[in-house]
Amino acid sequence: MIALRSKQRGFLLNPYRFGAESPGDGDESWVKPGGNYRVPLTVLARAKAVSDYQLYVNLQHMPAAFWDHLYYGRGQDIRVRNAAGADLPFDLVSLSGRDKKGVLFVRASLGASATLYIHYGNPVNQRVPYTAPHGRNAVWAGFDRVFMFGGEQENRTSGPGELALAGPGSFVAAMEI
């Protein structure tokens, strides 16, 4: 990943753990449009709270049931919410149901420890538009350019600039500053 920023912020590679899947049957008050299943993502304790940070989440470590109940192989049914049930901005960078791998970033304000929820399994859901308040662009607000390796070489902030591969192990970033 290449991230060029205009504000003092970064992203967290913070320790976290996944909990067990919760199915949406019975009187589960959290079940609403956005997922029939959810997995808690507990971000382990930090020395101080952070606000509006991008948390890196490696989906390879999700419980096996996640991959069984993921409705769309490309992740259109995924949503990320806080403990109160509010949608959080997330960027699903990659997902392969076949290989059981994926990466997403979620923008969140986190206390000393926090639990977020990854919701999935709702066939009605379509991909969150990049420009939605909880879409990809909102994750990278405050950054001038963000590029991810291994897929689309587009600026994930939807700002100007593109990334062009110039040969093995090198790249050229075309930007207006």
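Keep in mind that this is a model prediction, so the values were computed, not measured.

A. Spotlight on the overall build of the protein chain. Assigned secondary structure in the protein chain consists of 2 helices and 13 strands. Counted over contacts in the protein chain with a minimum sequence separation of 6, partners at least 24 positions apart contribute 66%. When the accessible surface of the protein chain is split by element, carbon and sulfur atoms take 51% of a total near 9,200 Å².

B. Region of interest: the confidence of the model for the protein chain. Taken residue by residue, the protein chain gives an average pLDDT of 76. The fraction at 70 or more is 68%. A low-confidence stretch, residues 170-177 (pLDDT under 50), is modelled with 19 contacts involving residues beyond four sequence positions or located in other chains.

C. The arrangement of unusual backbone geometry in detail. In the Ramachandran plot, aspartate 52 falls in the positive-phi region, its phi being about 50 degrees despite a non-glycine side chain. Relative to the elements of secondary structure, aspartate 52 occurs in strand S6 (residues 50-58). Relative accessible area serves as the criterion here: at 34%, aspartate 52 is assigned to the partly exposed category. Phi is positive for lysine 100, which is not a glycine, with a value near 55 degrees. The topology assignment puts lysine 100 in the loop between strand S8 (90-96) and strand S9 (101-110). Owing to a relative accessible area of 40%, lysine 100 belongs among the partly exposed residues under this scheme.

D. Representation of the environment of threonine 157 in the model. On the secondary structure map, threonine 157 appears in the loop between strand S11 (143-147) and strand S12 (162-167). For threonine 157, a relative accessible area of 14% puts it in the buried group. The spacing of threonine 157 and phenylalanine 143 is 14 residues in sequence and 7.1 Å in space, taken between C-alpha atoms. Among residues more than four places away in sequence, those in contact with threonine 157 are Asn137, Trp140, Phe143, Asp144, Arg145 and Val146. At 3.4 Å, the side chain of threonine 157 forms a polar contact with the backbone oxygen of aspartate 144.

E. The arrangement of the nonpolar core in detail. Ranked by size, the top nonpolar core spans 27 residues in total, and within it Leu59, Ile78, Val106 and Ile118 carry the most contacts. Excluding anything up to four places from it in sequence, leucine 59 contacts Trp67, Leu92, Leu95, Gly102, Val103, Leu104 and Ile118. Core analysis: the next-biggest nonpolar cluster, separate from the first, contains 7 residues, Val103, Phe105, Val139 and Trp140 among them.

F. Geometry of empty space enclosed by the protein. This structure, assessed with the given rule, holds 1 cavity of 30 Å³ or more. There is about 30 Å³ of room inside the largest cavity. Forming the walls of the largest cavity are Leu41, Val57, Val80, Leu104, Val106, Leu116 and Ile118. Taken together, the elements giving at least two residues each to the lining of the largest cavity come down to S9 and strand S10 (114-120). A per-class count over the lining of the largest cavity returns 7 nonpolar, no polar and no charged.

Calculation criteria
- Residues numbered from 1 in each chain as written.
- Predicted model: local features only at pLDDT ≥ 70, side-chain atom pairs only at ≥ 80, totals over all residues.
- Heavy atoms only, no water.
- Helix = DSSP H or I, 4+ residues; strand = E, 2+ residues; numbered from the N terminus.
- Contact = heavy atoms within 4.5 Å.
- Areas by Shrake-Rupley, 256 points an atom, 1.4 Å probe, with all protein chains shown as cover.
- pLDDT = per-residue confidence, 0-100.
- Buried < 20%, exposed > 50% of the residue type's maximum accessible area, 1.4 Å probe, protein only.
- Polar contact = N/O pair within 3.5 Å; in protein donor to acceptor, adjacent residues only side chain to side chain.
- Core = buried A, V, L, I, M, F, W, Y, C linked by side-chain atoms within 4.5 Å.
- 1 Å grid on protein atoms, 1.4 Å probe; cavity = no way out; pocket = protein on both sides within 12 Å on 5 of 7 lines; lining within 4 Å.
- Points joined across faces, edges and corners; volume = space filled by probe spheres on them.
- Nonpolar A, V, L, I, M, F, W, Y, C, P; charged D, E, K, R; others polar.

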